[in-house]
Amino acid sequence: MAYLRATVPILALLALAACNPLGLTAYENSRFAYGIRYPEQQLVAGPVTADGTGRTFVSRDGLARARVWSRPSTGEGDSAVADAIERDCAGGAADYRRVDEGKLTIECAVGDEQVYHMALVRRDRVVAFRMTYPADRNGERWRVTAVNMARTFYARAEAPAT
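Every chain is numbered independently, its residues counted from 1 as its sequence is written. The predicted origin of the model limits local features to residues at a pLDDT of at least 70 and limits the giving and counting of side-chain atom pairs to 80 or more, whereas totals for whole chains, interfaces and linings rest on all residues. In computing side-chain values, all of the structure's heavy atoms are included and hydrogens and water are not.

Asker: What am I meant to see in the pairing of strand E5 (residues 65–72) here?
Answerer: Both faces of the sheet carry side chains from a regular strand, because those side chains alternate between them. One bridge is not enough; two strands pair if DSSP finds at least two bridges between them. In this description a helix means any DSSP run of H or I spanning at least four residues, a strand means any run of E spanning at least two, and both kinds are numbered starting from the N terminus. Here strand E4 (residues 54–59) pairs with E5 via five bridges, running antiparallel. Across the sheet, Arg 55 pairs through a bridge with Val 68, a residue of E5. Turn length for the E4-E5 hairpin, with the two strands adjacent in sequence and antiparallel, is five residues, and the turn residue Gly 62 shows positive phi of about 80°. Here E5 pairs with strand E9 (residues 125–134) via eight bridges, running antiparallel. Directly across from Trp 69, in E9, lies its bridge partner Ala 128.

Structural data, given as structure tokens:
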């Protein structure tokens, strides 16, 4: 019986870790029906924006920044949203561009930084995640963080009426 009492808490912790294997903390914007998970040991969450559309995150070393936000859709399609993002890239060209229905990812250089940008295009809004980090040899660790965060990024089909 003592063995069982000792085993149950360990199993509970393992189950919890399996649900969140990367140790990520959730940010959810219920007003605009989207969310993302971020590594709290690497990024500090800033305040929610004054208009309630998003939030910023800054790395503990000050080298990387992430932002999530939502804006109303103007009816533009996935490719038009990708084109607008890509115009910010050096030379107006992305290093990586993928456009699927309702989801796009752009990676490019802007000055001495790399940018990872994902947007989810919904009927009523565009929800975006953008992370900037140094384009130096240490940048790859931040790219891994950006990709892991992007894997958790979601937007429900429609935002609740406000």
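Moving on from the model shown.
Asker: Is there a simple way to think about the packing of aromatic side chains in this case?
Answerer: Geometrically, a pair of aromatic rings is defined through the distance of the ring centres and the angle of the planes. Stacked, edge-to-face and tilted are the three classes for Phe, Tyr and Trp ring pairs, Trp counted by its six-membered ring, which pair at centre distances within 6.5 Å; planes under 30 degrees apart are stacked, over 60 edge-to-face, the rest tilted. What the rule picks out here adds up to six aromatic pairs. Here the aromatic rings of Tyr 38 and Phe 57 are separated by 4.6 Å at their centres, their planes lie at 45°, and the arrangement is tilted. Remark: Phe 57 occurs in strand E4 and Tyr 38 occurs in strand E2 (residues 34–38); sequence separation between them is 19 residues. Exposure class is identical for Tyr 38 and Phe 57. Each is buried. Between Tyr 116 and Phe 129 the ring centres are 6.2 Å apart and the planes differ by 55°, which places this aromatic pair in the tilted class. Burial classes follow relative accessibility: with a 1.4 Å probe on protein chains only, a residue under 20% of its type's maximum area counts as buried, one over 50% as exposed, and anything between as partly exposed.

Asker: Is there a simple way to think about helix H2 (residues 78–86) in this case?
Answerer: In an α-helix there are 3.6 residues to a turn, and that puts residues three or four apart on one side. Those residues of H2 that fall on the buried side of the exposure criterion are Asp 78, Val 81, Ala 82, Ile 85 and Glu 86. Down the axis, H2 shows its buried residues gathered within 135° of arc, on one side only. Those residues of H2 that are buried lie in contact with E5, strand E6 (96–100), strand E7 (103–110), strand E8 (113–121) and E9. Arc definition: it is the arc formed by the directions from the helix axis to the C-beta atoms. Here a residue-residue contact requires only that any non-hydrogen atoms of the pair lie within 4.5 Å.

Asker: Before we go on, may I ask you to explain the nonpolar core in this structure?
Answerer: Across soluble globular proteins, nonpolar side chains have a tendency to be buried as a group. The nonpolar core is taken to be a set of buried Ala, Val, Leu, Ile, Met, Phe, Trp, Tyr and Cys residues, with the residues joined through side-chain atoms within 4.5 Å. Formed by 24 residues in total, the largest nonpolar core has its most connected members in Tyr 34, Val 68, Tyr 116, Phe 129, Met 131, Met 149 and Phe 153. Looking at this core, the elements that each hand over two or more residues are E2, E5, E8, E9 and helix H3 (139–152). In terms of residue count, H3 provides more of this core than any other element does, five residues in total. Leave out the neighbours within four places in its chain, and Val 68 touches Tyr 27, Tyr 34, Ile 36, Thr 53, Gly 54, Arg 55, Phe 57, Ala 128, Phe 129 and Phe 153. Counting residues in each nonpolar core, the second largest holds 11 residues, with Ile 85, Leu 104, Ile 106 and Val 126 among its members.

Asker: Which parts of the structure should I look at to understand the pairing of E9?
Answerer: The element E9 is largely enclosed, with a buried count of nine among its 10 residues. Relative to E9, E8 runs antiparallel, the two being bridged by nine bridges. From the neighbouring strand, Gln 114 faces E9, where its bridge partner is Tyr 133. The antiparallel pairing of E8 with E9 creates a hairpin that spans three residues between the two strands.

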